[in-house]
Amino acid sequence: MRRHASPSLGRRRGVGWTLGVAAVLWVGGCGSPAAVEDDFRITPLPPPTTADDAERIAAEQPTPVLWSTRRLLLPLFSTLEEAWAVTDETVLPDLSRTVWNANGLRVGLLSSDAAASFGEALGPSAETIDGRLLMADRFEALRRSPPLRASFVADLTVPPGPMNRVEFTGGRLQLLISTRDRGNGTAAVTLIPQHARPRASLLPRTAAEKLLDGRVFDELAIELIVAGHQAVVVGLYRPPPPEASTPGAEPPEEDAAIDPSPLGVEEPRAPDVPEAADEDTDPEATDDDLPPLNLGRGLFTTGIEDDDFQLLYVLRPSVRP
C-alpha cells in the first residue's frame, strides 16, 4: 500500500467565526489646531455599575464546554456496521449524510443506554486514548493527519447539482471542531474538514489565524445538537458489504470461488472447505480492497504502510441541565 497521511488534532475555524474587529475614530476639521476648543474631550464609556449590566455582559460571553474524548484504533478492514447500527445517523438530514458518506465521513449520536451494546459490537481495539477538550465557541483540530504524500479527492457534489470534485495533495488534513453551550442542557458542535497548508506571512498572526491556512471545506460543514446523555461518534465511512444470501441457498456454481467480501475480508467457511483459499481473501493482496483516497481515508486512517488502522472518535459533552 502506498504511504499516505491520515489527519490529526489541531486548531480551528468554521462557519461564522470572528477573527477580530478594528475600529478607527477620526477627529478633524477644516481649521488649524488652534481652532480646536480647549475643552474637547473623548470620554470612554463607564464600566457596568448595575447588576443588570453585569448579568447582560456575562450572558454575552460563551460558556465553555468540556468534552470527554476517546480515540480508538481499529482494524482497517472491519466495516463496524454492527456498532454504527447502534448509533443514530439520522442526526444528519439525508442529503447531508449522503454528501458526507461520499467523502468517506460518518457521524452519529450514541445514547448512554446503548453504550454497552456499542462497545460489544466494536470489540477490542489496538489502542485506546482518552482525553478532554475544553472549548468555548472557537475552533480546534480534532484530528490532524501526517503529511499527505498521495493525491486525495474531496467530493463537493450536492445532488442533483453538477459534479464538483477537488483533487489535492501536500499539507495535511484536519477535522476542525467548534462547540458552544446552548444553556438548556445541550451543546452545539460544528465539524468541518480542512486541507491545511501553512503559508508564509510577514505579519504577526495568532495560532488561531494560522490554523485556518489552506482550504476549509465549508461546503461540508455540519452542526449537531448533543445532550448530556449522548455522545458524538465520528469515523470512516465504507459502503456496507452486500447482504448475505438466504440461509440454505446454494450459490451459483460459477460464483463459488469468488470472494463475496468487497473488502477482501475472509468469510466464515464450512469445515469441509480447505483453509488455503484464493489470494483474493488476503486484505493486503490488492489496492482495490483499500478505501479510496478521500477525506475519510486521510482523516480516519493512520496511513502507516503495511500496517494501517482506522480511527474512531467518541466525544461526550459535560453540559448543565
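Calculation criteria
- Residues numbered from 1 in each chain as written.
- Predicted model: local features only at pLDDT ≥ 70, side-chain atom pairs only at ≥ 80, totals over all residues.
- Heavy atoms only, no water.
- Phe/Tyr/Trp six-rings, centres within 6.5 Å; stacked < 30°, edge-to-face > 60°.
- Helix = DSSP H or I, 4+ residues; strand = E, 2+ residues; numbered from the N terminus.
- Buried < 20%, exposed > 50% of the residue type's maximum accessible area, 1.4 Å probe, protein only.
- Contact = heavy atoms within 4.5 Å.
- Salt bridge = Lys/Arg side-chain N within 4 Å of Asp/Glu carboxyl O.
- Pairing = 2+ DSSP bridges.
- Polar contact = N/O pair within 3.5 Å; in protein donor to acceptor, adjacent residues only side chain to side chain.
- Axes fitted to C-alpha atoms, helices over the stretch in contact; angles between N-to-C directions.

A. Up close: the packing of aromatic side chains. Within this structure, the stated rule accounts for three aromatic pairs. Seen in terms of ring centroids, F168 and F217 are 6.0 Å apart; in terms of plane orientation they differ by 40°. Their pairing is tilted. Highlighted residues: F168 in strand β7 (residues 165-168) and F217 in the loop between β10 (214-216) and β11 (222-227), separated in sequence by 49 residues. In this pair, the class of F168 matches that of F217, namely buried. Among the aromatic residues, ring-to-ring pairing joins F152, F168 and F217 into one connected group.

B. Local environment of helix α3 (residues 94-102). For α3, the set of buried residues is R97, V99, W100 and N101. Lining the buried residues of α3 we find β3 (105-111), β6 (152-155), β9 (186-196), β11 and β12 (230-236). One or two steps after α3, the chain reaches G104, where phi turns positive at roughly 75°.

C. Inspection of the environment of A102 at higher detail. Along the chain, A102 turns up in helix α3. Judged by its relative accessible area of 43%, A102 is partly exposed. In sequence terms A102 and L156 are 54 residues apart; their C-alpha atoms lie 9.0 Å from each other. Ignoring any residue separated from it by four or fewer positions in sequence, one finds A102 in contact with D155 and N294.

D. Spatial organisation of the pattern of salt bridges. Enumeration according to the criterion identifies eleven salt bridges in this entry. D155 is the partner of R165 in a salt bridge, and the nearest nitrogen-oxygen pair spans 3.7 Å. Placement of R165 in strand β7 and of D155 in strand β6 is noted, with a sequence separation of ten residues between them. With relative accessibility at 48%, the residue R165 sits in the partly exposed group.

E. Just the pairing of β9, in detail. With respect to burial, β9 is a largely interior element, eleven of its eleven residues being buried. Residues T186, A188, T190, I192, Q194 and A196 line one face of β9 and the alternating positions A187, V189, L191, P193 and H195 line the opposite face, and both faces are buried. Relative to β9, strand β8 (residues 172-181) runs antiparallel, the two sharing ten bridges. Across the sheet, residue I177 finds its bridge partner in β9, namely L191. Both β9 and β11 contribute to a ladder of six bridges, which runs antiparallel. Paired with T190 across the strands is E223, a residue of β11. With three bridges connecting them, β9 and β10 associate as antiparallel partners. Its bridge partner being in β10, H195 is matched across the sheet by R215.

F. Looking closely at the environment of D308. In this fold, D308 is placed in the loop between α6 (295-299) and β13 (309-318). Once the C-alpha coordinates of D308 and L74 are considered, the two residues, 234 residues apart in sequence, prove to be 9.3 Å apart. Of the polar contacts made by the side chain of D308, one reaches the backbone nitrogen of G303; its length is 2.9 Å.

G. Seen up close, unusual backbone geometry. In this structure, P160 follows P159 across a cis peptide bond, with omega equal to 5°. Along the polypeptide, P160 turns up in the loop between β6 and β7.

H. Expanded view of the pairing of β13. With seven of its ten residues buried, β13 lies for the most part within the structure. Relative to β13, strand β2 (residues 65-75) runs antiparallel, the two sharing ten bridges. Within β13, the position partnered with T69 by the bridge is L315. By the bridge criterion, four bridges tie β12 to β13 in an arrangement that is antiparallel. When the sheet's bridge partners are listed, V232 is paired in β13 with L315.

I. Quick look at the sheet that holds β12. An order of β3-β12-β13-β2-β4 is seen for the five strands of this open sheet, with the pairing classed as antiparallel. Only two strands of the sheet have a single neighbouring strand rather than two, namely β3 and β4 (127-135). In this sheet, adjacent strand axes meet at a mean angle of 20° when their direction is disregarded. Pairing of β3 with β12, which is carried by seven bridges, proceeds in the antiparallel orientation. Directly across from L110, in β12, lies its bridge partner A231. Across the sheet, α3 is in contact with β3 and β12; its angle to β3 comes to roughly 125°.

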